Amino acid sequence: MEQIAQLGTGIGWRPEIADAVERMAGSSGGVDWVEVVAENVCPGHIPESLVRLRERGVTVVPHGVSLGLGGADRPDEQRLRSLAERAQALSAPLVTEHIAFVRAGGALTASPGLEAGHLLPVPRTRDALDVLCENVRIAQDALPVPLALENIAALINWPGEEMTEGQFLYDLVDRTGVRLLIDVANLHTNHVNRGEDPAKALDELPVEAIAYVHVAGGFERDGVWHDSHAHPVPRQVLDVLADLASRVTPPGVLLERDENFPEPAELERELGAIRGVLEKAEVRSPAEARNAEERAPVAEAASAARQRLGLAQAALLSALVAGTPVPEGFDRVRLGVQARALAAKRADVVAKVAPELPEILGTSYRPAFVAYAQGHPMTDGYRRDALSFAEHVLLTGRPDDADVLREVRRWWLERSGPAPLSQRPTARLARATRRVLLRR
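In this text the structure is predicted, and so the values were computed from the model without any measurement. (Residues numbered from 1 in each chain as written. Predicted model: local features only at pLDDT ≥ 70, side-chain atom pairs only at ≥ 80, totals over all residues. Heavy atoms only, no water.)

1. Focus: the overall build of the protein chain
Phase 1: Looking only at helices and strands, the protein chain features 16 helices and twelve strands.
Phase 2: Going through the 440 residues of the protein chain one by one, you find that 52% of them count as buried.
Phase 3: Counting contacts in the protein chain only where the partners sit at least 6 residues apart, residues at least 24 apart contribute 77% of the total.
Phase 4: About 20,000 Å² of surface is accessible on the protein chain, with carbon and sulfur atoms providing 51% of the total. (Helix = DSSP H or I, 4+ residues; strand = E, 2+ residues; numbered from the N terminus. Buried < 20%, exposed > 50% of the residue type's maximum accessible area, 1.4 Å probe, protein only. Contact = heavy atoms within 4.5 Å. Areas by Shrake-Rupley, 256 points an atom, 1.4 Å probe, with all protein chains shown as cover.)

Below is the structure:
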């Protein structure tokens, strides 16, 4: 396994805290490196703040969120090219992604393609592992630098799972040589939401494969832990970090914060708390044996496994975003919590992609969007989602305010623009009719 450079203590770079990150970069007890969401960076237009950090020798690692390597389909070639371009543009020593699926349906299952707009857990089964391993090898061949994959937080359990998380990760590393990005906040989240012991997961996973570690905050409500990335890092998450650091010295540890950004002094305090945990940790001798099953040989995933996984993921995602029946074996209450969380996240992201919509609609924006989301699954990204929501508002005439509807119509007409025509006559007729109605 290729050696990964020592990174130190870092922070997730976001535009809202760019100035603070630059001030902390390279300072004693500050920031050694940064991670940036890959999809938020254009290789030809890298933010000046990141350019300055790179010029000062600060490592920048692109962190992808849209590949969906745990999905039933093979990785999209364009998405892989885009991730490779960002790694090269940032001179990154590695790139990272997630063990998750983000879309389902389509040709493989002869059903409509759906997008979650969120990272969803893959079942820990042999089928899912076979597919994931093949997808990882495809990604590794397409990327110019090593790949590391992150364990995700989840609200729901798949029925009929065949492995624990640690066993699943061990086999993944054993079969592909991929590195791991271990998120200790996600281990804590899964402890609360799925009853999974973080210590047991750390016992079973190959800690020597860790490229770096994520630390983040969250909150508990009604017995559910929400991995918000918008709250201070709690003691429980630092305790999991301490347990991990007693087993191996991680090459890097990174503080994630995506919203509700505190003052720079608070960020520095959290970075100091992370450093304190690492400095106090004493690495124990590794165990001689692991509770892992016999390793499966490296082999390409069979197409039958892809189809079985695809059907299962499409059924779950359809229940979450399209209101279809809950698949057998899933907890209906937890699926309801997850469905509401997905709708709320869609509303939040669309508000960022199209900030004019919540300004125009005011307090009616969020309830209107959540109601819209329940019957209109996302199929083509957040920008298209914003346009489709505006169309829905205009076609339904809600809210019943002529001035508001006029502003929504103006916004939609300015941004809808020409689009490639569908080859299906019915789709072309529907589009033409919709545009005529919306222009009136």
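And the narrative resumes.
2. Quick look at helix α5 (residues 165-176)
Two residues of an α-helix separated by three or four positions point the same way, owing to the 3.6 residues in each turn.
Phase 1: Compared with the 16 Å implied by 1.5 Å per residue over twelve residues, the 16 Å span of α5 between its first and last C-alpha is a close match.
Phase 2: Most of α5 is tucked away, with eleven of its twelve residues classed as buried.
Phase 3: Turning to α5, its buried residues number three or more, namely E165, G166, Q167, F168, L169, Y170, D171, L172, V173, R175 and T176.
Phase 4: On the buried face of α5, the contacting elements are α4 (126-142), β7 (147-150), β8 (179-183), α6 (184-194) and α7 (198-204).
Phase 5: G177 sits one or two positions beyond α5 and adopts a positive phi of about 75°. (Expected span 1.5 Å × (residues − 1).)

3. Details of empty space enclosed by the protein
Phase 1: Inspection of every chain in the model, using the stated rule, returns one cavity of 30 Å³ or more.
Phase 2: As a volume, the largest cavity reaches approximately 120 Å³.
Phase 3: Taken together, I99, P121, V122, R124, N151, I152, A154, E165, F168, L169 and R194 make up the full set of residues lining the largest cavity.
Phase 4: If one sorts the elements of the lining of the largest cavity by residue count, α5 sits on top with three residues.
Phase 5: Taken together, the residues of the lining of the largest cavity sort by class into seven nonpolar, one polar and three charged. (1 Å grid on protein atoms, 1.4 Å probe; cavity = no way out; pocket = protein on both sides within 12 Å on 5 of 7 lines; lining within 4 Å. Points joined across faces, edges and corners; volume = space filled by probe spheres on them. Nonpolar A, V, L, I, M, F, W, Y, C, P; charged D, E, K, R; others polar.)

4. Things to note about unusual backbone geometry
Phase 1: Going from R398 to P399, the amide bond is cis rather than trans, its omega being 5°.
Phase 2: For P399, the position within the fold is in the loop between α14 (381-396) and α15 (402-416).
Phase 3: Phi at A110 is positive, roughly 50°, even though this residue is not glycine.
Phase 4: Despite not being glycine, H229 has its phi angle at roughly 60°, a positive value.
Phase 5: Among the residues examined, H229 registers a relative accessible area of 10% and is labelled buried.

5. Regarding the nonpolar core
Phase 1: Residues V34 and V215 are the most contacted members of the largest nonpolar core, which totals 89 residues.
Phase 2: For this core, the leading source of residues is helix α10 (residues 303-321), giving six residues.
Phase 3: Apart from the residues lying within four places of it in its own chain, the contact partners of V34 are I11, W13, V21, L50, L53, V58, T59, V60, V61 and L254. (Core = buried A, V, L, I, M, F, W, Y, C linked by side-chain atoms within 4.5 Å.)

6. Some words on the packing of α10 against helix α11 (residues 332-353)
Helix packing geometry: the angle between the two helix axes and the distance between the axes.
Phase 1: Packing of α10 against α11 brings their axes to within 8 Å, and their N-to-C directions diverge by 70°. One element, α10, and the other, α11, form an angle in the roughly perpendicular class. When α10 is examined against α11, the residues L316, A319, L320 and V321 are found in contact with a partner set consisting of L335, Q338, A339 and L342.
Phase 2: For the contact of α10 with α11, the per-class residue count stands at seven nonpolar, one polar and no charged. (Axes fitted to C-alpha atoms, helices over the stretch in contact; angles between N-to-C directions. Parallel < 35°, antiparallel > 145°, perpendicular 65-115°, else oblique.)

7. A look at the pattern of salt bridges
Phase 1: Here the structure, examined in full by the defined rule, presents 28 salt bridges.
Phase 2: Salt-bridge contacts for E134 lead to R74; the nearest nitrogen and oxygen are separated by 3.8 Å. Here E134, found in helix α4, pairs with R74, found in the loop between β3 (59-63) and α3 (77-89); they are 60 residues apart in sequence, far enough to count as distant.
Phase 3: For E134, a relative accessible area of 6% translates into the label buried. (Salt bridge = Lys/Arg side-chain N within 4 Å of Asp/Glu carboxyl O.)

8. Notes on the side chain of D385
Phase 1: Among the secondary structure elements, D385 is positioned in helix α14.
Phase 2: Judged by relative accessible area, which is 4%, D385 ranks as buried.
Phase 3: Here R346 takes part through its side chain, which lies 2.8 Å from a polar atom of the side chain of D385.
Phase 4: Contact partners of D385, with chain neighbours within four places excluded, come to R346, V350, F369, Y372 and M378. (Polar contact = N/O pair within 3.5 Å; in protein donor to acceptor, adjacent residues only side chain to side chain.)

None of the figures reported here should be taken as evidence of function without further support.
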